[in-house]
Amino acid sequence: MIDNSDSHLTTNEKKQLKNKIAVSIYAYKRKLVRRKVGLGVAFSIVLVSSIVLYNQQKQPSLIDDYLQIATKVKADSLNAVELILSDNKKINILEDNTTISYSKTGEQVSIGANNTTTEGAVNSTTGFNTVVVPYGKRSNIELSDGTKVWLNSGSKLIYPVVFAENKREVFLEGEGIFDVSHNKNKPFYVIAKDHEIQVLGTVFNVSNYSNEGSIETTLKSGSVQINYKGDSFLRRNESVKIKPGTSAKYNKTTKQISSKTVDVSNYFSWREGLFIFKKDDLGHIVKRLSRYYNVKISVDDELLAKQTFTGSLDLKENIDQVLEAIKETTNLEYTNISPSKIIITKTENL
């Protein structure tokens, strides 16, 4: 049986009951809204707190210290490879392809073919040594952990004489080939602004010149993980792993990274004093030669700049000898406008 309990209510009593029900529904809806807003505020507080906590928990980076050191030395102002010890003592090395080797304790460093030894290199993880390689020269360094580094012209490497207990970290500006001594308990990092390469033991090339818009990492063997600053707040920290035969390029402006399969010999040949090219256009070749010899070389013909070449160039020769070798394979002329500027032009077939 249905009990319609309001059937005996007067019209006025029904109206009052209806108003009470409406007020109750309104109050309930407001309570739900306040609860949702409260949860949103709470979530925001948790999110902000997490960001603050993340920033507080991040280990302080040495990047600022590295950058401060790097800006004090200019590769284009030197005539010889320069080793700068942590006490600011400077050692000039006159050989074209120098060798610098540290003892395991970092207390001794041997320099050059004549095996000159410097005693008392600062044994500290807070003090850094710097190697600066001028244009037209190269250098080979063996760090205290056994890692070998080959530096190309116009490069700087900043590193501690003795690495910290939990990681090995160096700063590179320019181009270097790394043969990292394996230590699974102490990863090796090559760092730059907004970018770091993490390895345990491998062979790879890094190109990070300050006047270039990208950082390029080419892997010969092993594996590396590249950690870099992303292109937005939600993608502020990104990482990518690459495999042997791969080159990854990080755009410093867009904060994005791309990768491709390459012939790694093109990226490692300069270690042996050669530039090897396989169907590379003249514009690319000239760019690398300009950087190596610190001479501005421009091609004034667009079609000539796109013409491809295959072969090798001996870096022990001077820039005129190298350009003469290229000239023998195609119709071009070059003009020395000044000691630091060369223009390449196309000539017609005779």
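Predicted model, so just to flag it, every value in this text is computed and none were measured.

**Regarding the layout of surface pockets**
- Put simply, the second largest pocket is a space of about 510 Å³.
- For the second largest pocket, the lining is made up of 21 residues, of which Glu216, Lys249, Tyr267, His284 and Arg288 are closest to its centre.
- For the lining of the second largest pocket, the secondary structure elements donating two or more residues are β13 (203–208), β14 (214–221), α3 (265–268), β19 (274–281) and α4 (282–293).
- At four residues, the largest contribution of residues to the lining of the second largest pocket is made by α4.

**Here we look at the side chain of glutamate 82**
- By the element assignment, glutamate 82 lies in strand β1 (residues 81–84).
- In this structure glutamate 82 is buried but unpaired, with lysine 90 as the nearest side chain of opposite charge at 4.6 Å.
- Among residues more than four places away in sequence, those in contact with glutamate 82 are Lys90, Ile91, Asn92, Thr130, Val131 and Val132.

**Describing the pattern of salt bridges**
- Counted under the stated rule, the structure contains 11 salt bridges.
- Arginine 291 is the salt-bridge partner of glutamate 212, the closest N and O atoms lying 3.4 Å from each other. Residue glutamate 212 is located in the loop between β13 and β14, and its partner arginine 291 is located in helix α4; the two are separated by 79 residues in the primary sequence.
- Across the salt bridge formed by lysine 316 and aspartate 314, the nearest N and O atoms sit 3.2 Å from each other.
- You can call lysine 316 exposed: its relative accessible area is 63%.
- On the accessibility criterion, aspartate 314 (25% relative accessible area) is partly exposed.

**So, unusual backbone geometry**
- Positive phi outside glycine occurs at lysine 255, with the angle close to 60°.
- With phi around 55°, asparagine 294 is a residue other than glycine that occupies positive phi space.
- Along the chain, asparagine 294 turns up in the loop between α4 and β20 (296–299).

**Brief notes about the pairing of strand β11 (residues 188–192)**
- The buried fraction of β11 is high, at five of five residues.
- Of the two faces of β11, the one holding Phe188, Val190 and Ala192 and the one holding Tyr189 and Ile191 are both buried throughout.
- Where strand β10 (residues 168–179) and β11 come together, four bridges link them in parallel fashion. Directly across from glutamate 169, in β11, lies its bridge partner tyrosine 189.
- Note that β11 and strand β12 (residues 195–199) share five bridges and pair antiparallel. Of the residues in β12, the one forming a bridge with valine 190 is isoleucine 197.

**Focus on empty space enclosed by the protein**
- All chains considered together, the criterion is met by two cavities of 30 Å³ or more.
- Approximately 40 Å³ is the volume found for the largest cavity.
- Around the largest cavity, the lining residues are Asn152, Ser153, Glu175, Tyr209, Phe275, Arg288, Arg291 and Tyr292.
- It is α4 that contributes the most residues to the lining of the largest cavity, three residues altogether.
- Counted by class, the lining of the largest cavity contains three nonpolar, two polar and three charged residues.
- Here the second largest cavity is characterised by a volume of approximately 30 Å³.
- Leu172, Val190, Ile191, Ala192, His195, Ile197, Val206, Asn208 and Ile215 are the residues that line the second largest cavity.
- The leading source of residues in the lining of the second largest cavity is β11, at three residues.

Rules used in this analysis
Residues numbered from 1 in each chain as written. Predicted model: local features only at pLDDT ≥ 70, side-chain atom pairs only at ≥ 80, totals over all residues. Heavy atoms only, no water. 1 Å grid on protein atoms, 1.4 Å probe; cavity = no way out; pocket = protein on both sides within 12 Å on 5 of 7 lines; lining within 4 Å. Points joined across faces, edges and corners; volume = space filled by probe spheres on them. Helix = DSSP H or I, 4+ residues; strand = E, 2+ residues; numbered from the N terminus. Buried < 20%, exposed > 50% of the residue type's maximum accessible area, 1.4 Å probe, protein only. Lys, Arg positive; Asp, Glu negative; His and termini not counted. Salt bridge = Lys/Arg side-chain N within 4 Å of Asp/Glu carboxyl O. Contact = heavy atoms within 4.5 Å. Pairing = 2+ DSSP bridges. Nonpolar A, V, L, I, M, F, W, Y, C, P; charged D, E, K, R; others polar.

What is shown is where atoms sit, not what they do.
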